[in-house]
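Per-entry structural report
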Amino acid sequence: MLCPFIGQCRSRTRAVYRQTAVYRTVCCSGYTGSRCEAVCSPSCRNGGTCSSPNSCSCQSGWTGSICTLPVCPFGCANGGTCTRPRVCSCRSGWTGATCSQPVCTPSCENGGTCTSPNTCTCQNGWSGDSCNNDINECAVDNGGCHHTCHNTAGSFECRCNSGYSLASDGRTCNEPPAVPRNIVVSNVGKRTATVSWVPPPNTFPNQLTAVSAYRICASQNQFQEGNRVVTAGQQSRMYEFTNLEEYTAYFFHVAAFNSFGEGASNDPIEATTLEAAPSAAPLAVQAFPNSSYNITILWSPPPEIDRNGVIIYYEIQLTETENGTEFQWTSPELTTTRGSLHPHFHYEFRVAAHTSIGTGPFSAVETVQTLPAAPTAAPTQLRVSNFDSSTIALVWEPPPFTDRNGDIVRYHIRVTEQETQTIFEYSSTSQHYTLTSLHPYYNYVISIAAETVGVGPFTTGLLQPTMESVPSSAPGNFSMAVVNSTSILLSWSELPLPERNGVVQGYTICLTNVRNGRDTDYSAVSGPYSIVNLHPDFTYRAEVAAVTVVGAGPFSSQIEVRLPEAAPSGPPTHFSVDELSPRSITLKWGYPLEEDRNGVISGFRVRFISNNFTDLEVENATITIEEVKPFTLYYAEVAAFTMVGIGPYTVRIRVLTPEDVPSPVSTTMLEAIQGSPTQLTVQWRPPEEPNGELLAYSVCCRESTQQPLCDCDSAISVSSTSCPCGDLEQDTSYHLQAMFPVGLPHVKVIGGFSPYTNYTCFMTANTSAGESSPGIPHSSTTDESTPADEPQDIMVNSLNSTAILIQWSPPHIPNGIILFYTIYINDSITFNIIAAYQNSFMFGWLSPYQLLNVRLSASTKVGEGPLTESQSVTTDESVPGAVDNLEVLVLNDRPSTSLGPPLSPMEY
């Protein structure tokens, strides 16, 4: 059999192949031997059997791929390992078939149980690793025993002190109650006190040990109970004593009762009833001043019977009589000193004693006055006023009442003259004073102080100037210097400060024209001072005085000076244009007015202005300026001058020269327009010298073959002007092609030209004065176009019965380069189009005696021109072709022949 797939056979049947009558067994992969038994590698262990290739069937208790892993059906607990079937190898501390039993070494004693490795759980009363240590229950809370705890092996017992018996619970001993706890004395008043407590501890409560009552005692002696004893029920927790004595010390005790008797009481708690306020005032209250600012008050305590407690301090009340200000403070002593008082003020005072409960009655009111002192404030409302420039009146008010500190006996007045730093002292018993003999317009600082037993502070200095007056002297060092022929400079020194008598507002200058006696006054803020616009060659006399707001002081001594000559102060008269042409200007004028000449007129200066200034000097009152430019704006002005200098110019006049013909126009480009065979583009630059307002540009052109393009009657023009350029080198072949208005751009398209023709053109410019001379001519050829007419002199001849010859001449107006000719040949049936590149063409392969129609056209690069008229031609004849439809008939025994025409002529 064949293996069903690699590595596996479905049965152990052998596959046998015949070879020369010899059979051989071949096993599938994974099988071997004559019986093809399964192979396991490595081999199965512990009695396992190889059931299929590399697959073992293990005996009970084993598992794994080769049966080497033992099996423990109940598992091995606590980290145990299965070492052979159903046998666990336990970790240290464990034992048993499944390693679930802990091991304690040594073993647990006294009934203890091993619950985990080396861990024993002991019964009550025992402890330790193996439960072999007795627990001392008496060590914790006395084992719960009332008196004495006795430890035994694994247990304990309670015992009572002598005289007591153990109760039925085995722990409690019968005895009186303990001392109540947390005893507090509170709410202590003058005659009352409240005692509170917490019941004593009762560790083993029962009917015999329960508290049945309490006894509370208040005694004035801590070692005796006294007679204030009360009893309270078992539920009581506080008791209030009443009718106690005031401010008396008491000692309080509390004890509990049960069926066994009274227990011990607490240590005494002391409390004192409260005090009362004194019932009488202090005695022998008195006071005396120590200074202007403090007093001392003394007293004795109230009678002892009226103190009603411990006097802890005294309360003092002090009232300032003058303004009602009150002061209150306390003192633990029988004397007190009060400072920071006001000098020379009256004060009322009284004293009261104070216990912890309150204040007793005040003593009777007594009075004391502090000593006087110097005022602590300056007089107020100081007012000043001026009567004249040397007097100041003063008025003021006293210091505030609270700052006088006594009776004012006089006032001190301090005056400081700031300009000299001199101090003047005055005094007054009244509240006003007048200062006299002061310096005019001096600054005085005034302050005032009041005096009682001493002098108080001065007021803040009040700055007060005296009134101004006129200056008391003239400015010194007065001088006058000539600046030029029309101005002088005056100088002087300032007045000394004591002589100004005020603020010098300025100076008054009196200037006298000696020639005409006329006086002119000038005002100057300060010197030096310049006086201008005087007349040259005049004599002037001057003096100066200082001025305050009150008026002018005395004038200085007069100074006299004469001014020199000057340039004219007025321009020439009647300035105008006398003659004018495009290339020259003549100007004329008159002399300045007599009063403006300021000396002898030496000559004239003419300023001629275009793009720059040109100054020309002449002696006479006229000038002709040559080589000016036509149609150019000029400005002119003229001034006269003396030996000293030049005077002012006249008002500038405007001169526009007349127009002239322009300079030649420069043509910069003349070229054909692609696709526009009848137009040219012309570009030019305006004339370098337009010499006027340009009116138009003209373009004149001719064919370069010297053949006229047009005459003046048919020229393309924007006006009816005849050709303006016919005299160019006596050549009349130039004609006006176009005229253009002036404006941008300087490029135009002109038309009316023949295609593919060379032209020479030049340009001119026009002003109102005429036309410019021609510019340099430029040449250009117009672009090609389609031919304007058909080929000429066409001849069509038959060469034989199968060919014709066509001959022709080019068109008269080809409008470009003829690239080829197109021949159209047709008969009644066919139509042929043929391109020819010469002026003749032979057309063959025709039929004999064939009628043909022939037409021609010429073509440039732009396109095809018009066709010629149709011309007809017939090829020559030839012999006929074979007879068609030959028939032979026998009629009456005689043959008869019938035939049609030849199918076609014979072709050669």
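Right, let's walk through the structure included here. It should be emphasised that the depicted structure is a prediction, and the values quoted were computed from it without experimental measurement. (Residues numbered from 1 in each chain as written. Predicted model: local features only at pLDDT ≥ 70, side-chain atom pairs only at ≥ 80, totals over all residues. Heavy atoms only, no water.)

Helix and strand counts for the protein chain come out as one helix and 71 strands. With 908 residues in all, the protein chain has 37% of them scored as buried. Sequence-distant contacts, at least 24 apart, represent 56% of the contacts inside the protein chain between residues at least 6 apart. Accessible surface, the protein chain as shown: approximately 49900 Å² in total, 50% of it carbon and sulfur. (Helix = DSSP H or I, 4+ residues; strand = E, 2+ residues; numbered from the N terminus. Buried < 20%, exposed > 50% of the residue type's maximum accessible area, 1.4 Å probe, protein only. Contact = heavy atoms within 4.5 Å. Areas by Shrake-Rupley, 256 points an atom, 1.4 Å probe, with all protein chains shown as cover.)

We now examine the side chain of S196. Position of S196 relative to the elements: it lies in strand β20 (residues 193-198). Excluding residues within four positions of it along the chain, S196 makes contact with N182, I183, V184, R237 and M238.

Under the defined criterion, the tally for this structure stands at 13 salt bridges. A salt bridge links E617 to R605, with the shortest nitrogen-to-oxygen separation between them at 2.7 Å. Here E617 is found in strand β51 (residues 613-618), whereas its partner R605 is found in strand β50 (residues 603-609), with twelve residues between them in sequence. The shortest N-O distance in the salt bridge between K861 and D783 comes to 4.0 Å. Remark: D783 occurs in the loop between β62 (778-781) and β63 (792-800) and K861 occurs in the loop between β68 (851-859) and β69 (871-874); sequence separation between them is 78 residues. Assessed through its relative accessible area of 11%, D783 is described here as buried. Via salt bridges that share partners, R607, D615, E637 and R652 belong to a single interconnected network. (Salt bridge = Lys/Arg side-chain N within 4 Å of Asp/Glu carboxyl O.)

So, on to the sheet that holds strand β41 (residues 476-484). Read across the open sheet, the three strands follow the order β41-β42-β45; overall the sheet is antiparallel. Of all strands in the sheet, those bounded by a partner on one side alone are β41 and β45 (529-531). When the angles between neighbouring strand axes are averaged without regard to direction, this sheet yields 20 degrees. With six bridges connecting them, β41 and strand β42 (residues 487-493) associate as antiparallel partners. What sits directly across from G476, in β42, is S493. (Pairing = 2+ DSSP bridges. Axes fitted to C-alpha atoms, helices over the stretch in contact; angles between N-to-C directions.)

Counted according to the given criterion, the structure contains 13 disulfides. Across the disulfide, C72 is cross-linked to C82 (sulfur-sulfur distance 2.1 Å). Handedness here is read from the sign of the S-S torsion; for C72 and C82, about 90 degrees, the answer is right-handed. With C72 in the loop between β8 (69-70) and β9 (81-84) and C82 in strand β9, this pair connects stretches of sequence that are ten residues apart. (Disulfide = S-S within 2.5 Å.)

In this structure, I488, L490, W492, I509, L511, I531 and L534 are the most contacted members of the largest nonpolar core, which totals 20 residues. Residue assignment for this core shows that the elements contributing at least two residues are β41, β42, β43 (506-513), β44 (518-524) and β46 (539-547). Examining the composition of this core, we find that four residues originate from one element, β46, more than from any other. Once residues lying within four places of it in the same chain are set aside, the contact partners of L490 are F478, S479, M480, I509, P528, Y529, I531 and A542. (Core = buried A, V, L, I, M, F, W, Y, C linked by side-chain atoms within 4.5 Å.)

Hydrogen bonds along the backbone pair up the strands of a sheet, which may run parallel or antiparallel. Taken in spatial order, the three strands line up as β55-β56-β59 in an open sheet, and their pairing is antiparallel. A single partner strand is all that each edge strand has here, and the edge strands are β55 (666-673) and β59 (747-750). Across this sheet, the average inter-strand angle for adjacent strands is 20 degrees, counted without regard to direction. One ladder, built from seven bridges, connects β55 with strand β56 (residues 676-685); its direction is antiparallel. Bridging from a neighbouring strand, M669 pairs with Q683 of β56.

Shape descriptors only; they carry no functional weight alone.
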